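Notes for the structure review
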Amino acid sequence: MKTYQKKRLIHPLVAVLLLVGFAACDTLNKEQEDEISREELEIAGEIIGSSLSDAEEGLLSSFYDAVSTVGEEGIQSRIQNQSREQERQRDHGRGSESEYHYDYDPETGQHSTWFIRKFEGPLVSRSLKVRSVYIYKDINGRFIEFPKRQQDHIETIDYKGTREGTVESQYRYNRFYRFNQFYVDGLSAASPVMTLTGSHQSNGEMDVNVMRRDMVTNRTYTLEMNLNDIRIDKEVVQENGSLEEGITGFISYRLVMTRTINGEANERKVSGVIELAGDGTALLRFDKLREFFRIGLANGTVDRPDDTSGQPPVRPRS
């Protein structure tokens, strides 16, 4: 699976991020007014691709966990399709949970879980610690104590969760801490569509093989995402057994990448919008730039613009 030599991470993982709100990016960052090299855009695409990917425990994997049901026996996905699940297990798998802990507080309605999840496959391997808190409510706003037994009564899920660990795929090695907060509405049969609002914050360090430049480079990063008008077509999801092919909407993002050379840190800020297309992909757009990438939500693959050696930096639209 490896196509590059894994580098030793230099910087320790930044301490746990506190959840803070952030405004959607209506204006262009000053740094983005300057010329942006294609290399920087490609690295940004790889970081965001990993952060979205189901296979690399990104946003899509968190969505799957958020709409699952939990109990003393473990975590159970509400989205199942045998052929899809077999394909997923072969390619990148849900992984196996160990050291599972569960607690329920009837006063707050909080179901708390903690476990270790690991997976080793031909395309990706990962090891991480997952902590989650769920509040399930019925259509009348009452707490649901036994979500597995009462799945048909669940109308909303308030979810908060962290993921901390490492993921290695064909072209990336990523060490990260991620915090997600989602509110999911419309889960009962009374609604054909689920709606989802929330946010994502992460920091980490990535070694990435920039394929078209035959090089391996390293960045530390922080990433913030704000979920806007996310809709999930339940019929499409059930038919395909895949959230990736039933989810649409927009995610605004702000990414800060830092590269350290000879002890000197160089920072680059990038912002823009991610459009979830409802066909298993997302379009990654950069503020006031013509360039865009297409990202596969299952594996985080990034289709880059055509590039040739010596091509000039990307310039903003006038």
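Right, let's walk through the structure included here. (Residues numbered from 1 in each chain as written. Predicted model: local features only at pLDDT ≥ 70, side-chain atom pairs only at ≥ 80, totals over all residues. Heavy atoms only, no water.)

1. Section: the sheet that holds strand 9 (residues 215-233)
The strands that make up a sheet pair up through hydrogen bonds in the backbone, lying either parallel or antiparallel. Pairing within the open sheet is antiparallel, and its twelve strands lie in the order 3-4-5-6-7-8-9-10-11-12-13-14. If you trace the sheet from one side to the other, it starts and ends with strand 3 (96-105) and strand 14 (302-303), each paired once. Here eleven bridges tie strand 9 to strand 10 (residues 247-261), and the two strands are oriented antiparallel to one another. By the bridge assignment for strand 10, Met-225 is matched with Tyr-253. Against the sheet, helix 2 (residues 38-52) makes contact with strand 7 (172-185), strand 8 (193-210), strand 9, strand 10, strand 11 (264-277), strand 12 (281-286), strand 13 (292-296) and strand 14, and its axis sits at roughly 55° relative to strand 9, the strand it touches most. (Pairing = 2+ DSSP bridges. Helix = DSSP H or I, 4+ residues; strand = E, 2+ residues; numbered from the N terminus. Contact = heavy atoms within 4.5 Å. Axes fitted to C-alpha atoms, helices over the stretch in contact; angles between N-to-C directions.)

2. Some words on the environment of Tyr-177
Relative to the assigned elements, Tyr-177 resides in strand 7. Between the C-alpha atoms of Tyr-177 and Ser-202, which are 25 residues apart in sequence, the distance is 5.5 Å.

3. A few points about the pairing of strand 12
Remember that side chains alternate between the two faces of the sheet whenever the strand is regular. Taken across its six residues, strand 12 has five buried, putting it largely inside the fold. Summarising the sheet, strand 11 and strand 12 pair through five bridges and their orientation is antiparallel. What sits directly across from Val-273, in strand 12, is Arg-285. The hairpin turn running from strand 11 into strand 12, its antiparallel successor, is three residues long, and Gly-278 in that turn takes a positive phi close to 80°. In this sheet, strand 13 lies alongside strand 12 in antiparallel orientation, the contact comprising five bridges. Following the sheet pairing, Arg-285 is matched in strand 13 by Phe-292. (Buried < 20%, exposed > 50% of the residue type's maximum accessible area, 1.4 Å probe, protein only.)

4. Points about the nonpolar core
Among soluble globular proteins, nonpolar side chains are generally buried collectively. With 58 residues, the main nonpolar core has Ile-48, Tyr-253 and Ile-274 as its most contacted residues. Non-local contacts of Ile-274, meaning those with residues more than four positions away in its chain, are made with Ile-48, Leu-52, Met-225, Gly-249, Phe-250, Ile-251, Tyr-253, Ala-282, Leu-283 and Leu-284. (Core = buried A, V, L, I, M, F, W, Y, C linked by side-chain atoms within 4.5 Å.)

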